[in-house]
Amino acid sequence: MVVPSLKLQDLIEEIRGAKTQAQEREVIQKECAHIRASFRDGDPVHRHRQLAKLLYVHMLGYPAHFGQMECLKLIASSRFTDKRVGYLGAMLLLDERHDAHLLITNSIKNDLSQGIQPVQGLALCTLSTMGSAEMCRDLAPEVEKLLLQPSPYVRKKAILTAVHMIRKVPELSSVFLPPCAQLLHEHTRNRLSCILLGTITLITELCERSPAALRHFRKVVPQLVHILRTLVTMGYSTEHSISGVSDPFLQVGGHSSKTMTNTSPLSSPQVATNTDTSRNAGNAVLFETVLTIMDIRSAAGLRVLAVNILGRFLLNSDRNIRYVALTSLLRLVQSDHSAVQRHRPTVVECLRETDASLSRRALELSLALVNSSNVRAMMQELQAFLESCPPDLRADCASGILLAAERFAPTKRWHIDTILHVLTTAGTHVRDDAVANLTQLIGGAQELHAYSVRRLYNALAEDISQQPLVQVAAWCIGEYGDLLLAGNCEEIEPLQVDEEEVLALLEKVLQSHMSLPATRGYALTALMKLSTRLCGDNNRIRQVVSIYGSCLDVELQQRAVEYDTLFRKYDHMRAAILEKMPLVERDGPQADEEAKESKEAAQLSEAAPVPTEPQASQLLDLLDLLDGASGDVQHPPPLDPSPGGALIHLLDLPCVPPPPAPIPDLKVFEREGVQLNLSFIRPPENPALLLITVTATNFSEGDVTHFICQAAVPKSLQLQLQAPSGNTVPARGGLPITQLFRILNPNKAPLRLKLRLTYDHFHQSVQEIFEVNNLPVESWQ
Amino acid sequence: TPCNCPPRAATTASLPQHGDRGFPFAAAAAAAAGQAPPRPRPAAAMQFMLLFSRQGKLRLQKWYVPLSDKEKKKITRELVQTVLARKPKMCSFLEWRDLKIVYKRYASLYFCCAIEDQDNELITLEIIHRYVELLDKYFGSVCELDIIFNFEKAYFILDEFLLGGEVQETSKKNVLKAIEQADLLSVLSNIKS
């Protein structure tokens, strides 16, 4: 029975008319049955309509694999309508993982070689969308022929199909490389931007795949630059432009290709000034310029231009532009630190963005920009942000602040205050080691014990819910309870606290349901410690301790029982056991180094039976002997530069392998109290690597500001400069600036180092360029 | 001699070559490492484009990378959910898996493109806008219903603008002319048979 089949649009209406999912499914299943029957019957007239319906149904998510063979038949038909739908079906239904897709190769080949232009277009489009590697290999000759056809319509498609083929089968590069020159040549005659665009893409792809192609195409770069320049400066044809920017797509393509050939974009400054940035199109081109500058080895001036463009983007009212600027600045902050620093205020402004993805980026960038000179201001901003930021950013912000505080804290008290603030604001989001870090920090700052315990007590009295804070506070109160009760602390207003209040607070922590078991442990121990610190009798404490002897928590119960025993049977030892704790050793390699250092120092003083003063000068004499530089020991180097060999025998450290002979430090520069010192480390695991720490110190009466150190090494070596710790050295021995240079010297070429310093000192700008002499041989051999 | 290709996973690089001027200076910033990692050219400029309604119904899907049907469905479902969850004031870019997603809403339709990490997002916005303009010119003040009832035309227009994920024609006029000619050819071929 022949039922006239539904037209496509009628089917769509019917499906949309369905009220429920079930109804829709019914309609579609019915129609698919008809379509399947129609395919079986092989009706050629309506085949294209049936497939179109099937494709619609497929988009809604229903299975359509039984239409695959029909695509083949339609492609092979001579009717244009059939081919159009057939190729579309091929792109949507055929999958390169199944061999069935290869069956259209022959049809494509026929269409490419014999079809009229629109048909060739369809074939090329399909090939470039779903063409598998085998298909590409088979059809490369046909596409190659079409590259040089006169019709631009076909040619532009053939070029982009070639790009796809090279991506799938890189060996085909050799086929498509020769025609490129001619394609470019054509452009200079006919100025067809679509051809040019495609050609640029093709050339870029070729250069990506083979260095030989790269060398080959270097020659055309001047031509491309000229074209770009023309586009920017001269008039434009309205059909190609977007809101006043000539053919932005072409400009972007041009820049990308220059990235490939790694040449300096001479036209970038011109683009920057001539492009209208009031609309997105202009900004897109400008952004591409920035990306190009970032990717190739640009001169410093261009990089600064790029950073400044991004800085301008940050002020743009369009949120997308700001996002793109923040992301790119994040990429640049390590390498162009000082240039990005200039935009710090704007970046900090972006913290207030309402869009979370923008504020996240602003946070990352702000954290990267913190250094010793701006740390106080930045921390203020970041802490304000922490209070109001969305919850998913809290953890990152908190740990970022804590890390930055650790690196750049100007004073211990500031550091403690900062951590305290973070704990009160975002206590639940901090990392687990924050508690340990803070307790150690407080423990080490003896002069601040009274201050810390007072502040922590106040914070605890206000809020006992933030667990890290409670833990630290409990520990502190336990350790320094006597200072708390003594009540005299110059740094904050005196507050009379009496014993009962303190005990009540700790008991509150113990009993609160908000306290974690670990927190309870801290509180109990603190109570116990207070039994020796407080003057009153210990009945209250004893009571609490004995109650917890029957606590359900095993850990707590054990503690309580032990403490109770301490009261009853070992009271004479109680005071000794609960004494103030010594500073906990920070674990890690640093501790071992310090231990080694102190051991070495101890041995030294034994080996030289003289009091410490002359012994220090003995050390200096030894240094003189070795490296001829006047002993410049502001901070003794971690690896002692004296006769390392002899000392090692003396020390006899069996478990530590003898370290390589340390390289002596070198003072390289001195002027009016400003000194530059180099210290060298050759890590044993990487013999080609040399780490130089450059330290700038200032013993004069005037501050050194805007300090920048630049360096150069011979071509055979590779130099990497990390961001300096800051660019200010306060007078009279203020905190020095350190900067790390990494030098890779795989060929062990002789090391030469040229330095250029610029800074302001005594209201004058100083610039010094010099080559470092007397570089120790061990630094490169 | 060092290779002239931009270093791939580079953290160090040599100083720029400046002929025989000895070894020139490098600013603390440039010259060497810490340089922004270079962009290797992508597998395709655009990986895929999806059009979907505010209720999450798919209206067009163009894939420029080979993926199985199952994977396509999964990606579509997740991405649609992610984009629909975005608030109106948020920016048009988001990071998803290892791709950058650029999306823009025009009336009731979301246009969503996936580009590689090193591509230029701003130009992708322009690509989307250009496509919408083409649709608008072709259908005359296009709305979602036009795209629903004429989805094959939407594909044909896209295929005259982008090829293999790259822009093939920057002139609006030329794209529309090509579509007109193909439509005419189609009508003629129907009459003939």
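Residues numbered from 1 in each chain as written. Chains lettered and ligands numbered in written order. Predicted model: local features only at pLDDT ≥ 70, side-chain atom pairs only at ≥ 80, totals over all residues. Heavy atoms only, no water.

With an unreviewed UniProt entry as reference, chain B is termed AP-1 complex subunit sigma-2, source organism Pan troglodytes. One UniProt comment on chain B, placed under Sequence similarities (unreviewed entry), says "Belongs to the adaptor complexes small subunit family." UniProt, in the comment section headed Function (unreviewed entry), describes chain B in these words: "Subunit of clathrin-associated adaptor protein complex 1 that plays a role in protein sorting in the late-Golgi/trans-Golgi network (TGN) and/or endosomes. The AP complexes mediate both the recruitment of clathrin to membranes and the recognition of sorting signals within the cytosolic tails of transmembrane cargo molecules." (UniProt positions renumbered as here; feature names shortened; annotations may be inferred.)

The name recorded for chain A in an unreviewed UniProt entry is AP-1 complex subunit gamma, from Pan troglodytes. Its UniProt record, at the heading Sequence similarities (unreviewed entry), says of chain A: "Belongs to the adaptor complexes large subunit family."

## With respect to the overall build of chain A
Of the regular secondary structure elements, chain A holds 36 helices and eight strands. Within chain A, the fraction of its 781 residues that count as buried is 53%. For chain A, contacts bridging at least 24 residues in sequence account for 66% of all contacts bridging at least 6. Accessible surface computed for chain A: about 35,400 Å², of which carbon and sulfur atoms make up 54%. (Helix = DSSP H or I, 4+ residues; strand = E, 2+ residues; numbered from the N terminus. Buried < 20%, exposed > 50% of the residue type's maximum accessible area, 1.4 Å probe, protein only. Contact = heavy atoms within 4.5 Å. Areas by Shrake-Rupley, 256 points an atom, 1.4 Å probe, with all protein chains shown as cover.)

## Thoughts on helix α32 (residues 554-568) of chain A
Residues and elements named next belong to chain A. Here α32 is 15 residues long and its end C-alpha atoms lie 21 Å apart, about the 21 Å a rise of 1.5 Å per residue gives. Each element contacted by the buried residues of α32 is listed here: α30 (517-533), α31 (539-547) and α33 (571-577). By the N-cap criterion, in which a side-chain oxygen at the helix start approaches the backbone nitrogen of a residue two or three places on, α32 is capped by D553, the distance to E555 being 3.0 Å. (Expected span 1.5 Å × (residues − 1). Polar contact = N/O pair within 3.5 Å; in protein donor to acceptor, adjacent residues only side chain to side chain.)

## Examining a nonpolar patch on the surface
Residues and elements named next belong to chain B. There is a patch of nonpolar side chains on the surface, built from L184, V187, L188 and I191 and spanning about 400 Å² of accessible area. Tracing the backbone through its elements, the reader meets L188 in helix α5 (residues 172-192). Exposure remark for L188: the relative accessible area of 43% places this residue in the partly exposed category. (Patch = residues over 30% accessible without salt bridge, like charges linked within 9 Å, V, L, I, M, F, W, Y side chains within 5 Å. Salt bridge = Lys/Arg side-chain N within 4 Å of Asp/Glu carboxyl O.)

## Things to note about the confidence of the model for chain A
All names here are of chain A. Per-residue confidence for chain A averages 79 on the pLDDT scale, and 81% of its residues sit at or above 70. No element of chain A has a lower mean pLDDT than helix α35 (residues 612-627), at 40, and none a higher one than helix α5 (residues 80-93), at 94. For residues 234-239, every residue scores under 50 in pLDDT, and the model assigns this stretch nine contacts once sequence neighbours within four places are set aside. Below pLDDT 50 for its whole length, residues 588-656 participates in 52 contacts with residues either more than four positions away or in separate chains. (pLDDT = per-residue confidence, 0-100.)

## Concerning helix α25 (residues 412-426) of chain A
Between its first and last C-alpha, α25(A) extends 21 Å over 15 residues, near the 21 Å set by a 1.5 Å rise per residue. What α25(A) keeps buried is the set A:W414, A:H415, A:I416, A:T418, A:I419, A:L420, A:V422, A:L423 and A:A426.

## Description of the sheet that holds strand β6 (residues 737-744) of chain A
Residue and element names in this part refer to chain A. In spatial order, the strands read β1-β2-β3-β6-β5; together these five strands make up an open sheet with antiparallel pairing. Single-partner strands in this sheet number two, and they are β1 (666-671) and β5 (718-721). Along the sheet, successive strands turn relative to each other by an average axial angle of 20°, direction set aside. Relative to β6, strand β3 (residues 689-698) is paired through eight bridges, and the arrangement is antiparallel. The residue of β6 that forms the bridge with I692 is F741. (Pairing = 2+ DSSP bridges. Axes fitted to C-alpha atoms, helices over the stretch in contact; angles between N-to-C directions.)

## Examining the sheet that holds strand β1 (residues 46-53) of chain B
Residue and element names in this part refer to chain B. Pairing is antiparallel in the open sheet, where five strands are placed in the order β2-β1-β5-β4-β3. Across the chains shown, the open sheet's two edge strands, defined by having one partner strand only, are β2 (58-63) and β3 (93-96). Sheet twist, expressed as the average angle between the axes of neighbouring strands with direction ignored, equals 20°. Two elements, strand β4 (residues 99-106) and strand β5 (residues 109-115), share seven bridges in a ladder whose sense is antiparallel. Counted as the bridge partner of Y106 is L109 from β5. Together, β1, β2, β3, β4 and β5 form the strand contacts of helix α2 (residues 121-139), whose direction differs from that of β4 by roughly 35°.

## What about the side chain of A:S77?
Residues and elements named next belong to chain A. Mapping S77 onto the fold places it in the loop between α4 (68-76) and α5. The exposure class assigned to S77 is buried, which follows from its relative accessible area of 17%. One polar contact links S77 to D82, side chain to side chain, over a distance of 2.8 Å. Apart from the residues lying within four places of it in its own chain, the contact partners of S77 are D82 and K83.

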